[in-house]
Structures are given as C-alpha cells and as structure tokens.
Amino acid sequence: ELTVNSGTSIVSGSSYSVEVTNSSPQASSSSATGNGLKSGIAGEQTSFKIQLRDQREAEVQAIMAKGTLIEFINEIQRLTLSSNIGDRFHLEFRGQNTVEFEVGTAT
C-alpha cells in the first residue's frame, strides 16, 4: 500500500495499492559495488554488494500522485442535534467516520 504524507500525517484518501511482480534479472540495470571487487588477499574475508534489478527496472520508475493539502485547524467543533432518545447516528469529517453514537448516552 502506498500513501501520501504531509509531514508525519497521512493525507486523507491518499492510499493506493501497488502491485509488484518479479522478473528475470537484467545485467544492464544491475550493479555491484565494494572494495571486494577491486582487491583482496587470499585467505582473508572481503565483501561487495550486488543489486540485481529485473527487466522492468532498466529505467527509473515513479508513481506520482496529486492531492489538495487541507490545513489543520486546532479547534473544538460544536454540533447541536435534535433527535429522540435512543436514536443512533455517526459523524463524518474530512472523509473519516466516527463510531456510532446513541442519543442520551454519555461517551
């Protein structure tokens, strides 16, 4: 799952599914780095890193998303309801739903 963030907050409604599949490695898009490729002494440990990329990774691939940033407003929202005791409702704010409330019950 891919999400869009604004600072440390996830932008509401910005979750996307991304499908990734494997393919055969392609030498032209793979790389190897490290001192172990340049030199070494017999009997001593050396190392290098190989990064294999598949045929679809020969070019840089990017996913771009566009959205509107809604400014955070730190305030208390007041809501007045006219309803009967026992009625149930939920609230929606910026695309998010609350739990269900029952009129006449303290939460």
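Below is a short write-up of the structure. Note that the structure is predicted; figures quoted are calculated from it, not measured. (Residues numbered from 1 in each chain as written. Predicted model: local features only at pLDDT ≥ 70, side-chain atom pairs only at ≥ 80, totals over all residues. Heavy atoms only, no water.)

### As for the overall build of the protein
When helices and strands are counted, the protein shows zero helices and eight strands. Reading the secondary structure of the protein in the N-to-C direction produces β-β-β-β-β-β-β-β. Within the protein, buried positions represent 6% of all 107 residues. Long-range pairs, those at least 24 residues apart, make up 30% of the contacts in the protein with a sequence separation of at least 6. A total accessible area of about 10000 Å² is found for the protein, and carbon and sulfur atoms account for 50% of it. (Helix = DSSP H or I, 4+ residues; strand = E, 2+ residues; numbered from the N terminus. Buried < 20%, exposed > 50% of the residue type's maximum accessible area, 1.4 Å probe, protein only. Contact = heavy atoms within 4.5 Å. Areas by Shrake-Rupley, 256 points an atom, 1.4 Å probe, with all protein chains shown as cover.)

### A word on the environment of S12
For S12, the location among the structural elements is in the loop between strand 2 (9-10) and strand 3 (31-33). Since its relative accessible area comes to 43%, S12 is described here as partly exposed. Counting along the chain gives 82 residues from S12 to R94, while the straight-line C-alpha distance between them is 7.3 Å. Apart from the residues within four sequence positions on either side, S12 is in contact with R94 and Q96.

### Points about the environment of F89
With respect to the helices and strands, F89 occurs in strand 5 (residues 88-89). Here the alpha-carbon distance between F89 and V103, two residues 14 residues apart in the chain, equals 8.0 Å. The contacts of F89, once residues within four sequence positions are left out, are L81, V99, E100, F101 and V103.

Just geometry here; none of it tells us what the structure is for.
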